[in-house]
Amino acid sequence: MTAEEVGQRVVALLAPVEVTASVSGGQGYARATVDVPLASWRDAVRAVRDDAELGCDFFDWLSAVDELAGGFDVVAHLWSVRHRHGVLLRTRVPRETPTLASVVDLYPGASWHERETYEMFGLGFDGHPDLRPLLLPPGFEGHPLRKEFVLASRVAKPWPGAKEPGESAAGGGRRPIRPPGVPAPGEWGAS
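Source: prediction; values computed, not measured.

1. Some points on the sheet that holds strand 2 (residues 31-35)
To summarise the sheet geometry, strands pair through backbone hydrogen bonds and adopt either a parallel or an antiparallel arrangement.
Step number 1: Overall, mixed pairing links the five strands, which are arranged 1-2-5-4-3 in an open sheet. At either end of the open sheet lies a strand with only one pairing partner, and these are strand 1 (20-24) and strand 3 (58-66). Taking the axes of each pair of neighbouring strands and ignoring which way they run, one obtains an average angle of 25 degrees across the sheet.
Step number 2: Inspection of the sheet shows strand 2 paired to strand 5 (residues 85-93) by four bridges, in the parallel sense. When the bridges of strand 5 are listed, Val34 appears paired with Leu89.
Step number 3: Along the sheet face, helix 1 (residues 3-14) touches strand 1, strand 2 and strand 5 and points at about 25 degrees away from the line of strand 2.

2. Regarding the packing of aromatic side chains
Step number 1: This structure, assessed with the given rule, holds three aromatic pairs.
Step number 2: Measuring from ring centre to ring centre gives 5.7 Å for Phe59 and Tyr107, while their planes differ by 45 degrees; the resulting arrangement is tilted. You can see Phe59 sitting in strand 3 and its partner Tyr107 sitting in the loop between strand 6 (99-101) and helix 3 (110-121), a full 48 residues away along the chain. Across the pair, Tyr107 and Phe59 agree in class, each one buried.
Step number 3: With centroids separated by 6.3 Å and ring planes inclined at 75 degrees, the aromatic side chains of Phe72 and Phe121 adopt a geometry described as edge-to-face. Taken as a pair, Phe72 in strand 4 (residues 72-80) and Phe121 in helix 3 lie far apart in primary sequence, 49 residues in all. Just as Phe72 is buried, Phe121 falls in that class too.

3. Topic: the packing of helix 1 against helix 2 (residues 41-50)
Step number 1: Where helix 1 meets helix 2, the axes come as close as 10 Å, and the angle between the chain directions of the two elements is 120 degrees. It follows that helix 1 is oblique to helix 2 by the angle criterion. As for how helix 1 packs across helix 2, the hand of that crossing is right-handed. Within the contact between the two elements, helix 1 uses Val10, Leu13 and Leu14 and helix 2 uses Asp43, Ala44, Ala47 and Val48.
Step number 2: The residue inventory of the contact of helix 1 with helix 2, partitioned by class, reads six nonpolar, no polar and one charged.

4. Re helix 2
Step number 1: Among the residues of helix 2, those classed as buried are Trp41, Ala44, Val45, Ala47 and Val48. All buried residues of helix 2 lie within an arc of 160 degrees about the axis, which places them on one face of the element.

5. Points about helix 1
Step number 1: With twelve residues, helix 1 extends 17 Å between its outermost C-alpha atoms, agreeing within 8% with the 16 Å of an ideal straight helix rising 1.5 Å per residue.
Step number 2: Within helix 1 the residues assigned to the buried category are Ala3, Val6, Gly7, Val10 and Leu14. Down the axis, helix 1 shows its buried residues gathered within 100 degrees of arc, on one side only.
Step number 3: Looking at the packing, one finds that the buried side of helix 1 touches strand 1, strand 2, helix 2 and strand 5.

6. Quick look at the pattern of salt bridges
Step number 1: By the definition in use, this model includes eleven salt bridges.
Step number 2: For Arg49, the salt bridge identified is with Asp50, shortest N-O distance 2.7 Å.
Step number 3: Owing to a relative accessible area of 46%, Asp50 belongs among the partly exposed residues under this scheme.

7. Quick word on the nonpolar core
Step number 1: Trp41, Leu78, Val87 and Leu89 are the most contacted members of the largest nonpolar core, which has 34 residues in total.
Step number 2: For this core, the secondary structure elements donating two or more residues are helix 1, strand 2, helix 2, strand 3, strand 4, strand 5 and helix 3.
Step number 3: Counting residues per element, this core draws most heavily on helix 2, which supplies five residues.
Step number 4: In this view, Leu78 contacts Val45, Val48, Cys56, Phe58, Phe59, His85, Gly86, Val87, Leu89 and Tyr107; residues no more than four positions away in its chain are not counted.

8. Quick word on the pairing of strand 4
Step number 1: Within strand 4, nine of the nine residues are buried, leaving the element largely enclosed by the surrounding structure.
Step number 2: Of the two faces of strand 4, the one lined by Phe72, Val74, Ala76, Leu78 and Ser80 and the one lined by Asp73, Val75, His77 and Trp79 are each fully buried.
Step number 3: Here eight bridges tie strand 3 to strand 4, and the two strands are oriented antiparallel to one another. By the bridge assignment for strand 4, Phe58 is matched with Trp79.
Step number 4: Relative to strand 5, strand 4 runs antiparallel, the two being bridged by nine bridges. Residue pairing across strands places Leu78 opposite Val87, the latter belonging to strand 5.
Step number 5: A loop of four residues connects strand 4 with strand 5, the two strands running antiparallel in sequence, and Arg84 in this loop sits at a positive phi of about 60 degrees.

What counts, and at which threshold
- Residues numbered from 1 in each chain as written.
- Predicted model: local features only at pLDDT ≥ 70, side-chain atom pairs only at ≥ 80, totals over all residues.
- Heavy atoms only, no water.
- Pairing = 2+ DSSP bridges.
- Helix = DSSP H or I, 4+ residues; strand = E, 2+ residues; numbered from the N terminus.
- Axes fitted to C-alpha atoms, helices over the stretch in contact; angles between N-to-C directions.
- Contact = heavy atoms within 4.5 Å.
- Phe/Tyr/Trp six-rings, centres within 6.5 Å; stacked < 30°, edge-to-face > 60°.
- Buried < 20%, exposed > 50% of the residue type's maximum accessible area, 1.4 Å probe, protein only.
- Parallel < 35°, antiparallel > 145°, perpendicular 65-115°, else oblique.
- Left-handed = near helix turned anticlockwise from the far one by under 90°.
- Nonpolar A, V, L, I, M, F, W, Y, C, P; charged D, E, K, R; others polar.
- Arc of directions from axis to C-beta.
- Expected span 1.5 Å × (residues − 1).
- Salt bridge = Lys/Arg side-chain N within 4 Å of Asp/Glu carboxyl O.
- Core = buried A, V, L, I, M, F, W, Y, C linked by side-chain atoms within 4.5 Å.

What follows is the structure, given as structure tokens:
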């Protein structure tokens, strides 16, 4: 199946739920990308696993993207070993209630990925059997992959170059810019 055919098959399987199929990447890297409503997340994952034509029997990865006020996009990549095609399933999780259904019972390999996403983004996975920290040291506060997370290392140690990123060697009329995630002087930490 082509990436377009995979996407259309997922749309047909989930009807009457409104889902949107597109293709990401190109040529040999093209993948069907299907946006599903949050309430249909588990149904979509189960459908691409159980459908004979799709047969996505391999869970590759799951992560999130912080879209600020838009919430979080959670993306899972599923692959069919037999048919040699994949699909990216994506859903939007609201920032106010950052929780979605776990798929660990459908794909046991999703456990590590859900734990990492929980720890790094602060997204909860309802039904996960062991949602505890995985990578960060005990007592770590915050979620490092959220865009509002302060990059403390950039505050403690200034930019090592002669110029800040984005400044030209000629100098001139531009005001200095701070790298992303670095608060203004005096806003955080030691002055």
